[in-house]
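Each chain, written out:
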Amino acid sequence: MNGKAVVEDAYLYSEETNLTVLKTSLFFTGDGFTAYDCKGELVFRVDTYGPDSRDLGELVLMDATGRCLLTVRRKRPSLHNRWEGFLGEREEGQKPIFSVRRSSIIGRSSVAVEVYSNPMEEYQIEGSFAQRNCTFLNADKVSVAEIRRKVDACANVVLGKDVFSLSVKPGFDGAFAMGLVLVLDQIQGDDYVNPNDNRVDVDPISDDPNLSS
């Protein structure tokens with residue numbers, strides 16, 4: 001799949017890439033994230049943005065060294081819980097590069113993503129982030145990224161929702177995908193984690209191999 005980076009070319013992967021994303025706190029929705037590649041190396045991080053944060057409506061995605069890649073900020077007022085993305089650390093007057101919003105303000109709905117630099121580049125995110133079961137679809141309804149529960153293949157268990165897999169398809173910007181994860185956590189994370197929902201047994205025969213990566 002050919003693609004163009006929304007955030008940075010370095011994260012435009014040439015082959016399918018599976019990241020393990022860790023929610024760094026179970027006490028507050030949106031406390032932080034770290035994301036690791038298949039070698040266990042840190043790729044992305046979001047420092048704590050819990051109740052003592054300077055601005056609960058603005059989150060910054062960084063690389064492993066702490067360089068700011070992307071800022072996502074809630075637009076107010078907005079009936080559809082609209083968020084906007086800005087390159088790097090957002091400055092006053094800076095124009096956003098994309099927006100994310102609920103498709104409807106009533107009940108459960110998909111999430112719509114619009115990239116401002118290309119009016120033809122739109123995405124729909126379907127499924128439930130709270131249940132760690134989402135698919136990112138492009139305008140042609142082709143999957144470009146997926147969020148799934150993480151499976152420990154050795155122990156044959158599905159891990160708790162604080163650890164999940166982000167699969168990024170070839171030609172899709174991984175930093176953009178991770179930025180969308182931050183927004184999803186804010187707009188679909190109200191029923192985020194039951195502290196008792198740690199891990200459950202799975203049948204190794206019926207286990208989906210795509211979940212184990």
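The rules we used
- Residues numbered from 1 in each chain as written.
- Predicted model: local features only at pLDDT ≥ 70, side-chain atom pairs only at ≥ 80, totals over all residues.
- Heavy atoms only, no water.
- UniProt positions renumbered as here; feature names shortened; annotations may be inferred.
- Pairing = 2+ DSSP bridges.
- Helix = DSSP H or I, 4+ residues; strand = E, 2+ residues; numbered from the N terminus.
- Axes fitted to C-alpha atoms, helices over the stretch in contact; angles between N-to-C directions.
- Phe/Tyr/Trp six-rings, centres within 6.5 Å; stacked < 30°, edge-to-face > 60°.
- Buried < 20%, exposed > 50% of the residue type's maximum accessible area, 1.4 Å probe, protein only.
- Lys NZ or Arg CZ within 6 Å of the ring centre and 35° of its normal.

In the annotation of an unreviewed UniProt entry, the chain is listed under the name Protein lurp-one-related 12 and assigned to Nicotiana attenuata. Per UniProt, the chain has the following entry under Sequence similarities (unreviewed entry): "Belongs to the LOR family."

(A) Geometry of the sheet that holds strand 4 (residues 58-63). Spatially, 12 strands are ordered 1-2-3-4-5-6-7-8-9-10-11-14 in a closed barrel, and the strand pairing comes out antiparallel. Sheet twist, expressed as the mean angle between neighbouring strand axes with direction ignored, is 20°. Note that strand 8 (residues 111-115) and strand 9 (residues 122-128) share four bridges and pair antiparallel. For alanine 112, the partnering residue across the bridge sits in strand 9 and is glutamine 124.

(B) Representation of the packing of aromatic side chains within the structure. Applying the stated criterion across every chain yields a total of seven aromatic pairs. Geometrically, the ring pair formed by phenylalanine 98 and phenylalanine 176 is edge-to-face, given 4.9 Å between the ring centres and 65° between the ring planes. With phenylalanine 98 in strand 7 (residues 98-102) and phenylalanine 176 in helix 1 (residues 174-187), this pair connects stretches of sequence that are 78 residues apart. Assessed through its relative accessible area of 0%, phenylalanine 176 is described here as buried. One aromatic cluster is present, built from ring pairs that chain together Phe98, Tyr123, Phe172 and Phe176. When the ring centre of phenylalanine 86 is taken as origin, the NZ or CZ atom of arginine 90, which lies over that ring, is 5.8 Å away. Here arginine 132 stacks its cationic end above the ring of phenylalanine 129, 4.2 Å away from the centre of that ring.

(C) A look at the pairing of strand 14 (residues 163-168). Of all six residues making up strand 14, six are buried, and the element is well covered by its neighbours. Because side chains alternate across strand 14, one face comprises the buried residues Val163, Ser165 and Ser167, and the other comprises Phe164, Leu166 and Val168, equally buried. Two strands pair when backbone bridges link them, and strand 1 (residues 17-23) and strand 14 are joined in this way by six bridges, in the antiparallel orientation. Looking across to strand 14, one finds that threonine 20 is bridged to serine 165. One ladder, built from five bridges, connects strand 11 (residues 143-149) with strand 14; its direction is antiparallel. When the bridges of strand 14 are listed, glutamate 146 appears paired with serine 167.

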